[in-house]
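# Residue-level structural notes
These are the residues of each chain, in order.
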Amino acid sequence: MKLAIQLRRQKKVNRSLPADMILIIILAGLGTFMAIPFVYMIGMALKPLDEMFLFPPTILVRNPTLNNFFDLFNIFANSWVPISRYMFNTFFIAFLGTGGHVILASMAAYPLAKLDIKGKKVLFTMVVLSLMFSPIVTSIPNYLTITWLGMLNTYWSVIIPAFASSLGLFLMKQFMEQIPDAIIESAKIDGASEYRIFWNIVMPTVKPAWLTLIIFSFNGLWGGGMSGTFIYSEQLKPMGAAFATILAGGIARTGAMSVAALIMMIVPIGVFIFSQSKVIETMSTSGMKD
């Protein structure tokens, strides 16, 4: 008992009250600084048109109004494509593209990380090299491929390329390599199949990794991605493409565009808040050893 009490006392951090106060002040200042863009976006959505063009610009709104929200509602109310259709397109593309990307990237990363197959180093080198190319460089080959497959102007023209993103494969492979081989070998001795090992052991272990991947993939697809290149029908466009047409309306629609930008920003932030605790755990997986 005495030994346990001594160990607890040794583990207790010896910090003075002034040091704690300084640390709290620094963290509060950094948190406030990081919150400025979000506060500014909320203020822009509530500002009247004359306040939006003040110089120097103000972060806080002086005369808040909901006219910008009503303007955005009226724009879509007079549109021949309802806003509910744009919302459905956005959620369908984002959720299906993100889910397929996580599953396919994980299934492809497992054999590269834990199975002894020929040529896996060459395949992984190709994946790493593909990360060097920006989407703009590969836009023409992707457009020709989508056209040849007959998927142009469909949801799949955006979803299928999201499935094949090399970032997810790279991320999942690096995390799966940190799983001790002894765990997988023990499962094989107990008679578990590769399928069961993958779903019941590997995927739960790398949960922080695929939650991080969900955030990256969802943010890319939620903003519209390359939908403007592959989708021409107004009934199939996501909200990002629809909001871009609002911006083309000129200065008079600046307020409505501010509200649209706020809406597009809230959902990814909500996804991050929901999964942030697991994303932080990505740091701890680097300490796994055999």
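For the chain, the helix and strand inventory stands at 15 helices and zero strands. Summarising the internal contacts of the chain: among those between residues at least 6 apart in sequence, 76% fall at separations of at least 24.

Ranked by size, the top nonpolar core spans 26 residues in total, and within it Ile 93 and Phe 243 carry the most contacts. The leading source of residues in this core is helix 15 (residues 254-280), at five residues. If you look at the next biggest cluster of nonpolar residues, it comprises 22 residues, including Tyr 110, Ile 179, Ile 184 and Ala 187.

Here we take up helix 12 (residues 207-222). The end-to-end C-alpha distance of helix 12, which contains 16 residues, comes to 22 Å, matching closely the 22 Å that a straight helix rising 1.5 Å per residue would cover. By the burial criterion, the buried members of helix 12 are Pro 208, Ala 209, Leu 211, Thr 212, Leu 213, Ile 215, Ser 217, Phe 218, Leu 221 and Trp 222.

This paragraph deals with the packing of aromatic side chains. If you walk through the whole model with that rule in mind, you get 11 aromatic pairs. Here the aromatic cluster, defined as three or more aromatic residues joined through ring pairs, consists of Phe 91, Phe 95, Phe 218 and Trp 222. Over the aromatic face of Phe 124 sits the side chain of Lys 173, whose NZ or CZ is 3.9 Å from the ring centroid.

So, about helix 9 (residues 166-176). For helix 9, the buried fraction is high: eight of the 11 residues fall into the buried class. Regarding helix 9, the residues found buried are Ser 166, Gly 168, Leu 169, Leu 171, Met 172, Lys 173, Phe 175 and Met 176. Residues of helix 9 that are buried in the fold lie against helix 5 (83-114), helix 6 (120-130), helix 11 (194-205) and helix 12.

Before going further, it helps to spend a moment on the confidence of the model for the chain. Within the chain, residue pLDDT values average 79, and 85% of them lie at 70 or more. Taking the mean pLDDT of every element in the chain, the minimum, 48, falls on helix 1 (residues 2-11) and the maximum, 87, on helix 5. Considering only residues more than four positions removed or in separate chains, one finds that residues 1-5, a stretch of pLDDT under 50, has zero contacts. This stretch, residues 285-290, has a pLDDT under 50; its non-local contacts, to residues over four places away or in other chains, come to 11 contacts.

So, about the layout of surface pockets. Its boundaries defined by the atoms lining it, the largest pocket holds a volume of some 950 Å³. At five residues, the largest contribution of residues to the lining of the largest pocket is made by helix 12. For the lining of the largest pocket, the per-class residue count stands at 15 nonpolar, 11 polar and no charged.

Before going further, it helps to examine the environment of Asn 89. Secondary-structure assignment places Asn 89 in helix 5. Here Asn 89 is in contact with Tyr 155, Gln 235, Leu 236, Lys 237 and Pro 238, once residues within four sequence places are set aside. A polar contact of 2.8 Å, which involves the side chain of Asn 89, links it to the backbone oxygen of Gln 235. Within the local environment of Asn 89, its side chain forms a polar contact with the backbone oxygen of Lys 237, the two atoms lying 2.9 Å apart.

The subject of this paragraph is the packing of helix 11 against helix 12. At their nearest, the axes of helix 11 and helix 12 sit 5 Å apart, and the two run at 70° to each other. In this view, helix 11 runs roughly perpendicular relative to helix 12, as classed from their interaxial angle. Side by side, helix 11 and helix 12 meet where Met 203, Pro 204 and Thr 205 of the first sit next to Lys 207, Pro 208 and Trp 210 of the second.

Basis of the calculations
Residues numbered from 1 in each chain as written. Predicted model: local features only at pLDDT ≥ 70, side-chain atom pairs only at ≥ 80, totals over all residues. Heavy atoms only, no water. Helix = DSSP H or I, 4+ residues; strand = E, 2+ residues; numbered from the N terminus. Contact = heavy atoms within 4.5 Å. Core = buried A, V, L, I, M, F, W, Y, C linked by side-chain atoms within 4.5 Å. Buried < 20%, exposed > 50% of the residue type's maximum accessible area, 1.4 Å probe, protein only. Expected span 1.5 Å × (residues − 1). Phe/Tyr/Trp six-rings, centres within 6.5 Å; stacked < 30°, edge-to-face > 60°. Lys NZ or Arg CZ within 6 Å of the ring centre and 35° of its normal. pLDDT = per-residue confidence, 0-100. 1 Å grid on protein atoms, 1.4 Å probe; cavity = no way out; pocket = protein on both sides within 12 Å on 5 of 7 lines; lining within 4 Å. Points joined across faces, edges and corners; volume = space filled by probe spheres on them. Nonpolar A, V, L, I, M, F, W, Y, C, P; charged D, E, K, R; others polar. Polar contact = N/O pair within 3.5 Å; in protein donor to acceptor, adjacent residues only side chain to side chain. Axes fitted to C-alpha atoms, helices over the stretch in contact; angles between N-to-C directions. Parallel < 35°, antiparallel > 145°, perpendicular 65-115°, else oblique.

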